[in-house]
Amino acid sequence: MASDWLPQRCGKVKDMGKGFDIGLERLTAAGVPPLGETQEGGLKPPLQDAGATGATFYLETFGCQMNDHDSEKVAGVLLARGYRQVDGPEAAKVILYNTCSIREKAAQKVFSRLGELRPAEEKLTADSQQPTAEEPPKHNFERVVHGARAAGKSAQPGMAVPREANHPSLRKIVNAGGGKIIGVLGCVAQQEGEEIFERAPWVSLVCGSASYRKLPQLLAELEAGNRRVTGLDTDTDETFETEITRRDNPWRAYLTIIEGCDKACSYCVVPFTRGPERSRASASILEEVRRLAEVGYSEVQLLGQTVNSYADPSARKMRFSELLAAVAEARGIRRVRFTTSHPRDFGKDIVEAIEAHPTICDHVHLPVQSGSTAVLRAMARTYSREEYLEKIALMKAARRPISITTDMIVGFPGETEKDFEETLSLLDEVQYDSVFAFKYSPRPNTPSLKMPDAIPEEEKGRRLAILMDRQREIQRVRNEKLVGETFEVLVDGKSRRENQWSGHTSSNRVMNFASPERELLGDYVQVKVVSAMPNSLVGEMVGRA
Ligand code: SAM
Ligand code: SF4
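Residues numbered from 1 in each chain as written. Chains lettered and ligands numbered in written order. Predicted model: local features only at pLDDT ≥ 70, side-chain atom pairs only at ≥ 80, totals over all residues. Heavy atoms only, no water.

### Description of empty space enclosed by the protein
- Across all of its chains, the model carries seven cavities of 30 Å³ or more by this definition.
- Counted as a void, the second largest cavity has a volume near 90 Å³.
- Together, twelve residues line the second largest cavity, and Gln-301, Arg-337, Phe-338, His-363 and Asn-508 are the ones closest to its centre.
- Here the lining of the second largest cavity gets four residues from one element, more than from any other, and that element is strand 14 (residues 335–339).
- When the residues that make up the lining of the second largest cavity are grouped by side-chain class, the tally is four nonpolar, six polar and two charged. (1 Å grid on protein atoms, 1.4 Å probe; cavity = no way out; pocket = protein on both sides within 12 Å on 5 of 7 lines; lining within 4 Å. Points joined across faces, edges and corners; volume = space filled by probe spheres on them. Helix = DSSP H or I, 4+ residues; strand = E, 2+ residues; numbered from the N terminus. Nonpolar A, V, L, I, M, F, W, Y, C, P; charged D, E, K, R; others polar.)

In structure tokens, the structure reads:
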């Protein structure tokens, strides 16, 4: 099975392929000064100031780019309060997990992390207990099925959680004196709510993304000695904006323009965990873009679960395509990306904006989920196969070639062999440049949880492998056609191998290339493709862009 090549994304448009096959040095943070400050002579060092408190924090992020960017903003909030970011939980006073619950596996990860943080005395107590017949002896967890919960919540069968650990010693270990403050943020926080305190009593903070604007206040309460604080409202029309964002990439800046989701795909937890759609005012977005360009960012990526459903709340009422064009025209910006687009709100105006502005990257991620209209209907995706193909036709007719990528789910309840064949035939018809494929994962609160004709895990796995093999071959052929062509590449990686670099084309393809230049990170260069693989291109530098 070719499972090592196709990225399994967590709601995340990852690189279209792997970088170097030997260790690629990942880029590390070069922070951005507080908005409004300019700089001379390159990027400023990371924003890390122990401040008056000397307190430290560790922040681990799971999931999509929106979570990555939320974490950048959360880090900014903590830095502004005088905290210093550290690399591991051991050295941290505050440990935060920004979580994802899009699929069950992603959600389980955080409970296993919390289990690792169980206070030592508690571990001893739990480990010394005899395992029951249901509990595998080597794990420190038990499988539980929760009963019905408060309004809006439902059971999450089979979630691995730490054993009951309500030990009096915890009270002094957690959030007291030199104790650590442990917080769960993001989608699992929103989904599980205060139940996290019952399952992991050493947690002090539970906050969903729709309440991040309250974080400074919640942190202040914890600093004042409060034992447990929560931010779990989703009935908001506010977005999360901060004065300081600690950005992880020195060239590509993420910018959330719309939060939440009003669509109601029958398999998806996002509308429950991220709340209703809220868009940022266009003037505030454009001002941030201007400031980002001023401090050296040349690429911005506009983010939203359905980024093209953007609805400007200001009197200006800019359409998404107008906003795209305005960002593309900002001085100093060389590349504009946007993700994720929903097919329902994808129109000709977006294609026209791409045609008219070379700075808007020639790449659209347009998740289809299934090639069968019957399955799309069951998923409540609001379009048929034919309607989706009309959107694809708009892009194929564009004056500039546009790279198209997608998300697909296999094994949705009731998906027949014929439905699956239709998904495969869609691959052939569209000729995607990359596909992020997932096995259907039943999620709490979602309508599809109750749908009949569940597909067995083994069968889902079989379908996924077939889909990935088919798509791998499509990508191999498509990429081979690019041999001999020259592309502009933003260099964002350096191999440990001498003279080897890596970057992304405008179409978001990974390009590995050779150049004897001493320093290229952050530069735009011209690279000629000499060979191609399904997930990346290999080239040689032929000039500067
Ligand atoms: N808003 C985007 C859209 O409408 O296409 C997608 C955002 S979602 C966070 C990212 C991807 O996760 C989806 O496109 C879908 O393929 C996948 N996904 C969401 N829920 C899933 C589930 N219950 N099981 C498997 N994959 C799922
Ligand atoms: Fe989930 Fe559908 Fe909203 Fe995308 S559009 S986030 S898949 S509910």
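Once the structure has been displayed, the description carries forward.
### Structural notes on the site of ligand 2
- Close to ligand 2 lie Cys-261, Lys-263, Cys-265, Tyr-267, Cys-268, Val-270, Pro-271, Gln-305, Thr-306, His-342 and Arg-381, which account for all nearby residues.
- Across the shell around ligand 2, the residue classes tally to six nonpolar, three polar and two charged. (Near = heavy atom within 4 Å.)

### Description of the sheet that holds strand 14
- Strand order in this open sheet of three strands is 10-13-14, and the pairing throughout is parallel. A single partner strand is all that each edge strand has here, and the edge strands are strand 10 (252–256) and strand 14. With direction set aside, neighbouring strand axes in the sheet form an average angle of 20°.
- Bridging between strand 13 (residues 299–303) and strand 14 involves five bridges; their strand directions are parallel. In the strand pairing of strand 14, Leu-303 is matched with Thr-339. (Pairing = 2+ DSSP bridges. Axes fitted to C-alpha atoms, helices over the stretch in contact; angles between N-to-C directions.)

### Focus on helix 7 (residues 215–223)
- Turning to helix 7, its buried residues number three or more, namely Leu-215, Leu-218, Leu-219 and Leu-222. The buried residues of helix 7 occupy one face: seen down the axis, they fall within an arc of 100°.
- Where helix 7 terminates, the next one or two residues include Gly-225, which has phi positive at roughly 105°. (Buried < 20%, exposed > 50% of the residue type's maximum accessible area, 1.4 Å probe, protein only. Arc of directions from axis to C-beta.)

### Concerning the pattern of salt bridges
- Per the counting criterion, the structure on display carries 41 salt bridges.
- Arg-399 is paired through a salt bridge with Glu-355; the nearest N and O atoms lie 3.8 Å apart. Of the two residues, Arg-399 sits in the loop between helix 13 (385–396) and strand 16 (403–410) while Glu-355 sits in helix 11 (residues 348–356), which places them 44 residues apart along the sequence.
- Ionic contacts of the salt-bridge type, sharing partners, join the residues Arg-252, Glu-299, Arg-334, Arg-335, Arg-337 and Glu-488 into one network. (Salt bridge = Lys/Arg side-chain N within 4 Å of Asp/Glu carboxyl O.)

### Re the nonpolar core
- The biggest cluster of nonpolar side chains holds 57 residues, and the ones touching the most others in it are Ile-257, Phe-338, Met-395, Tyr-432 and Leu-467.
- Ranked by residue count, the leading element in this core is helix 10 (residues 320–328), at six residues.
- Not counting the four nearest positions on each side in its chain, Tyr-432 is found in contact with Val-368, Tyr-388, Ile-404, Thr-405, Thr-406, Met-408, Leu-426, Leu-427, Gln-471, Ile-474, Gln-475 and Arg-478.
- Listed in part, the 23 residues of the second largest apolar core include Ile-95, Ala-189, Ile-196 and Phe-197. (Core = buried A, V, L, I, M, F, W, Y, C linked by side-chain atoms within 4.5 Å. Contact = heavy atoms within 4.5 Å.)

### So, the site of ligand 1
- Neighbouring ligand 1 are 17 residues; Gln-305, Gln-369, Arg-381, Asp-407 and Ser-441 lie closest to it.
- Gln-305 places a polar main-chain atom, nitrogen or oxygen, 2.6 Å from a nitrogen atom of ligand 1.
- For ligand 1, a nitrogen atom lies 2.8 Å from a polar atom in the backbone of Ser-441.
- Its free accessible area being 560 Å², ligand 1 has 96% of it covered by the protein chains.
- Going through the elements one at a time, strand 16 and strand 17 (434–439) are the ones with two or more residues in the shell around ligand 1.
- Residues belonging to the shell around ligand 1 are distributed by class as follows: six nonpolar, six polar and five charged. (Polar contact = N/O pair within 3.5 Å; in protein donor to acceptor, adjacent residues only side chain to side chain. Areas by Shrake-Rupley, 256 points an atom, 1.4 Å probe, with all protein chains shown as cover.)

### Considering the sheet that holds strand 15 (residues 363–365)
- Reading across the sheet, the three strands line up as 15-16-17 and stay open at both edges, with parallel pairing between neighbours. Only two strands of the sheet have a single partner each, and these edge strands are strand 15 and strand 17. Sheet twist, expressed as the average angle between the axes of neighbouring strands with direction ignored, equals 15°.
- Sheet topology note: the strand 15/strand 16 ladder contains three bridges and is parallel. Bridging from a neighbouring strand, His-365 pairs with Thr-405 of strand 16.
- Across the sheet, helix 15 (residues 457–480) is in contact with strand 16 and strand 17; its angle to strand 17 comes to roughly 175°.

### A look at the packing of helix 9 (residues 282–294) against helix 10
- In contact at an axis separation of 10 Å, helix 9 and helix 10 are set at 25° when each is read in the N-to-C sense. The orientation of helix 9 relative to helix 10 falls into the category roughly parallel. When the axes of helix 9 and helix 10 are compared, the crossing they make is right-handed. Along its contact with helix 9, which presents Ser-282, Ile-285, Leu-286 and Val-289, the element helix 10 presents Leu-323, Ala-326 and Val-327. (Parallel < 35°, antiparallel > 145°, perpendicular 65-115°, else oblique. Left-handed = near helix turned anticlockwise from the far one by under 90°.)

### Comments concerning the side chain of Arg-247
- For Arg-247, the location among the structural elements is in the loop between strand 9 (229–231) and strand 10.
- Owing to a relative accessible area of 1%, Arg-247 belongs among the buried residues under this scheme.
- Engagement of the side chain of Arg-247 in a polar contact is seen with the backbone oxygen of Tyr-254, the distance being 2.7 Å.

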